[in-house]
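This is what each chain is made of:
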Amino acid sequence: MPGRKLNVPRIKRIVMLLSGIVLGTWSGLSGLSAQAAASPYLTFMLGYATPKASAVAFLFGMWASLCAVAAWVAAGAGRPDFAISVSMAAGATIGAIVAARLSLGPRSLAVRLGRTAVTFALLYTVGDGIRGRFGGPANLALWLPEGVLGWLAVGAICGWLARSLTLPTGVFLVPALVYAAAVPPHEAVISSLAIAALAGLLPAVGYLIRMERDEVIGPAFGIGGALGGALGGYSAARLTVQQSTWPLVVFGVTAMLLCSWLVYRGSD
């Protein structure tokens, strides 16, 4: 009796579903959009060309972020401030547009030095999270933005830096929320995902209109991201209190690893 043929597309869908759950969960815990890790992963695992991998990864990150925020709210941990989220999302979009006109190549010396500087600066974030483990984080707000214009300016700075250094916006959003406005780390993490999701709405519509998506593997990957994001957001809501600083450590370590990897890639 002849053996059964392996259903390779089904195996790929299962692998990508499980991978999406892992990446989505970590995104919900760290406050960084899963898009940054998903794009190179898709290129490596499935051999996608960069435009297609970027489109699938972007939509995957959107689903993971939205479900993380929804699970956080459903768990009764509160909700991100709508006015702050919208203002910073608009600011981040404006900052990214401005930076796009002045952007340098990802392998340029200025970008590599900037990423290296961000990596070392994140050491402070990790250290602060560890030092504040007992008794809660210190109030280290350097500047408290006032009103919509203040949050718009903070978002614009974050968007400009992220686009200039080709880093995820969350790398700058979480520290901005914690140190510019004394937002508790766990709230900063989930707010970062909410802002990233809002800022990505228009690009997501563009991807869908241009049909830049994968109808075979993309849905399984997106479902995995949604499930993982919900799991990460729910876990963060249940495992944190107002004084918790471990989200700052998780964010800082993840952001450092991501920046270090990008510095390494840029040196090839």
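Rules used in this analysis
- Residues numbered from 1 in each chain as written.
- Predicted model: local features only at pLDDT ≥ 70, side-chain atom pairs only at ≥ 80, totals over all residues.
- Heavy atoms only, no water.
- Helix = DSSP H or I, 4+ residues; strand = E, 2+ residues; numbered from the N terminus.
- Expected span 1.5 Å × (residues − 1).
- Patch = residues over 30% accessible without salt bridge, like charges linked within 9 Å, V, L, I, M, F, W, Y side chains within 5 Å.
- Areas by Shrake-Rupley, 256 points an atom, 1.4 Å probe, with all protein chains shown as cover.
- Salt bridge = Lys/Arg side-chain N within 4 Å of Asp/Glu carboxyl O.
- Axes fitted to C-alpha atoms, helices over the stretch in contact; angles between N-to-C directions.
- Parallel < 35°, antiparallel > 145°, perpendicular 65-115°, else oblique.
- Left-handed = near helix turned anticlockwise from the far one by under 90°.
- Contact = heavy atoms within 4.5 Å.
- Nonpolar A, V, L, I, M, F, W, Y, C, P; charged D, E, K, R; others polar.
- Core = buried A, V, L, I, M, F, W, Y, C linked by side-chain atoms within 4.5 Å.
- Buried < 20%, exposed > 50% of the residue type's maximum accessible area, 1.4 Å probe, protein only.
- Phe/Tyr/Trp six-rings, centres within 6.5 Å; stacked < 30°, edge-to-face > 60°.

Draft legend 1. Summary view of helix α3 (residues 50-74). Between its terminal C-alpha atoms α3 stretches 36 Å, which fits the 36 Å expected from 25 residues at 1.5 Å a residue. Downstream of α3 by one or two residues, G76 has phi in the positive range, about 85°.

Draft legend 2. Quick peek at a nonpolar patch on the surface. A contiguous nonpolar surface patch, about 590 Å² in accessible area, is contributed by L6, V8, I11, V15, F44 and M45. Elements supplying a minimum of two residues to the nonpolar patch: α1 (8-30) and α2 (35-46). Broken down by element, the residue count for the nonpolar patch peaks at 3 residues, all from α1. With respect to the secondary-structure elements, V15 resides in helix α1.

Draft legend 3. Representation of the packing of α1 against α3 in the model. The N-to-C vectors of α1 and α3 enclose an angle of 55°; their axes lie 9 Å apart at closest approach. Our classification of the angle between α1 and α3 gives oblique. In this structure, the crossing between α1 and α3 has a hand that is right-handed. In contact with G20, L23, G24 and G28 of α1, α3 contributes F60, A64 and A68. Among the residues forming the contact of α1 with α3, the class breakdown is 4 nonpolar, 3 polar and no charged.

Draft legend 4. The arrangement of the nonpolar core in detail. Formed by 32 residues in total, the largest nonpolar core has its most connected members in M88, V118, L122, L167, V171, F172 and L177. Breaking this core down by element, the ones donating at least two residues are α4 (82-102), α5 (109-131), α6 (147-165), α7 (170-181), α8 (185-199) and α11 (246-266). The greatest single-element share of this core, amounting to 9 residues, is contributed by α7. If we ignore the near neighbours within four places in the chain, the residues touching M88 are W151, V154, G155, L173, L177 and I195. By size, the runner-up hydrophobic cluster in this structure holds 12 residues, among which are V56, A57, I217 and F221.

Draft legend 5. How the structure looks around the packing of aromatic side chains. All chains considered together, the criterion is met by 3 aromatic pairs. Here the aromatic cluster, defined as three or more aromatic residues joined through ring pairs, consists of Y41, F60 and F221.

Draft legend 6. Geometry of the environment of G233. Note on placement: G233 falls in helix α10 (residues 218-239). Taking the relative accessible area as the measure of exposure, G233 reaches 0% and is therefore buried. Distance in space between the C-alpha atoms of G233 and G24 is 9.4 Å, their sequence separation being 209 residues. Excluding residues that lie within four positions of it along the chain, G233 makes contacts with G28, A68, A71 and W72.

Draft legend 7. Seen up close, unusual backbone geometry. For T166, which is not a glycine, the phi torsion comes out positive at approximately 45°. For T166, the position within the fold is in the loop between α6 and α7. Residue class for T166 comes out partly exposed when judged on its relative accessible area of 33%.

Draft legend 8. Just the packing of α5 against α7, in detail. The contact between α5 and α7 brings their axes to 12 Å, and the two run at 45°. What the angle tells us is that α5 and α7 run oblique. Two packed elements cross with a definite hand, and for α5 against α7 that hand is left-handed. Residue-level inspection shows V118, Y124, T125 and D128 of α5 in contact with α7, the latter providing V171, F172 and Y179.

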